[in-house]
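# Structural overview for review
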Amino acid sequence: MRIGLMVGSDKERARADRLGGLIADAVAAENAGFTAFWIPQVPGYLDAMTAATLIGQATDRIEIGTAVVPIQTRHPLIMAQQALTTQIACGGRFTLGIGPSHHWIVHGQLGLDYERPARLVGDYLDVLAASFAGPGTVDVDNDSYRVHSPVDVTDSYDVPILLSALGPTMLRLAGERAGGTVLWMADERAIRDHVVPRISEAAARGGRRAPRIVAGVPVALCANDEADDARAYASDVLGHADFSPNYVRLLEHGDAQDVGDTMAAGDESAILARLRRYRDAGATELAARIVPLGKDATQRTESRRRTHEFLSSLCPAL
């Protein structure tokens, strides 16, 4: 299981320092031996793909991925142009993670339709596949898009696609038509019994290679008797599952009841044991989301440093 880092919005930093700090974090992750650096598209925060482009110019080896960009916010042809441009900036190290997001974001915040999101993903992939096939004309007519447009960005790079696949239909699409999935709130049993069988069968049926299964897992190094408090804190700061019915349905396939229950927390041996369980369940890669603990910024900075150093000691693979 390869070990990467997943980041989120950083409210500890002043707004003026956030982009530069994010780039510095990616450089530090590369120097520490992590295999990937995953950036979510957080509502109202830094744009993930712009940040990926800049990180690509500041790094040399690490994979840079979005985890994930909601598809409703960008026409698929525009997404393809931006992704191909980002891929050039990253020298072929960029992976496009996309998904249909959640009703409370797409409809509640943006005022867009959130009807039959999985079908929209399939139609969206039609356009991306044609756009990533190489320079030429994209001609796609399906239920959602009518695209007849040139794409002339690069003939050097393709763009790998991962989907935020939680339910059976999305897992089928991730296996048959993408390179795999980026997960969040999936514990070991959900991965072993729900994700792996469905996505693997779909990939085999589509004649594709074994899918990537990137498990987003919160991590905090602390004393074992502090682990329960760390899990409760993670659920508070990372967003409770009950905000998103998609996550609630995913949790029904596992033992976790909230995001904190998916967390690797405790001392080094406890964290290592939990990460090994994710590996043994079928996760091919870890996207570790460090959750710093402490009563003030100084304590949280030190907590982040300790957890980062321990995870780095496990790199590049567990």
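Parameters and conventions
Residues numbered from 1 in each chain as written. Predicted model: local features only at pLDDT ≥ 70, side-chain atom pairs only at ≥ 80, totals over all residues. Heavy atoms only, no water. Axes fitted to C-alpha atoms, helices over the stretch in contact; angles between N-to-C directions. Helix = DSSP H or I, 4+ residues; strand = E, 2+ residues; numbered from the N terminus. Parallel < 35°, antiparallel > 145°, perpendicular 65-115°, else oblique. Left-handed = near helix turned anticlockwise from the far one by under 90°. Contact = heavy atoms within 4.5 Å. Nonpolar A, V, L, I, M, F, W, Y, C, P; charged D, E, K, R; others polar. Buried < 20%, exposed > 50% of the residue type's maximum accessible area, 1.4 Å probe, protein only. Pairing = 2+ DSSP bridges. Right-handed = clockwise from strand over helix to strand, strands pointing away. Phe/Tyr/Trp six-rings, centres within 6.5 Å; stacked < 30°, edge-to-face > 60°.

Identification of the protein as LLM class F420-dependent oxidoreductase from Mycobacterium florentinum is taken from an unreviewed UniProt entry.

Let us look at the packing of helix α2 (residues 48-58) against helix α3 (residues 76-89). Running from amino to carboxyl end, α2 crosses α3 at an angle of 20°, the nearest separation of the two axes being 8 Å. The angle between α2 and α3 falls in the class roughly parallel. The chirality of how α2 crosses α3 is left-handed. Two secondary-structure elements touch here, α2 through Met49, Thr50, Ala52, Thr53, Gly56 and Gln57 and α3 through Met79, Gln82, Ala83, Thr86 and Ala89. Looking at the contact of α2 with α3 residue by residue, the classes come out as 5 nonpolar, 6 polar and no charged.

Attention now moves to the pairing of strand β9 (residues 180-184). Most of β9 is tucked away, with 5 of its 5 residues classed as buried. Of the pairings in the sheet, the one linking β9 to strand β10 (residues 212-221) comprises 5 bridges and is parallel in character. Of the residues in β10, the one forming a bridge with tryptophan 184 is glycine 216. You can see the chain leave β9, run along helix α7 (residues 188-205) and come back into β10, and the turn it takes is right-handed.

Using the criterion set out here, one finds 2 aromatic pairs in the structure. When the centroid spacing of 6.4 Å and the interplanar angle of 50° are considered together, the rings of tryptophan 104 and phenylalanine 243 count as tilted. Here phenylalanine 243 lies in the loop between α8 (227-238) and α9 (245-251) and tryptophan 104 lies in helix α4 (residues 103-106), a separation of 139 residues in the sequence. Where tyrosine 124 meets tyrosine 145, the ring centres are 6.0 Å apart and the plane angle is 75°; that geometry is what we call edge-to-face. With a gap of 21 residues between them, tyrosine 124 in helix α5 (residues 117-131) and tyrosine 145 in the loop between β6 (136-141) and β7 (146-151) connect regions that are remote in the sequence. Of the two residues, tyrosine 124 and tyrosine 145, neither departs from the other in class, the shared state being buried.

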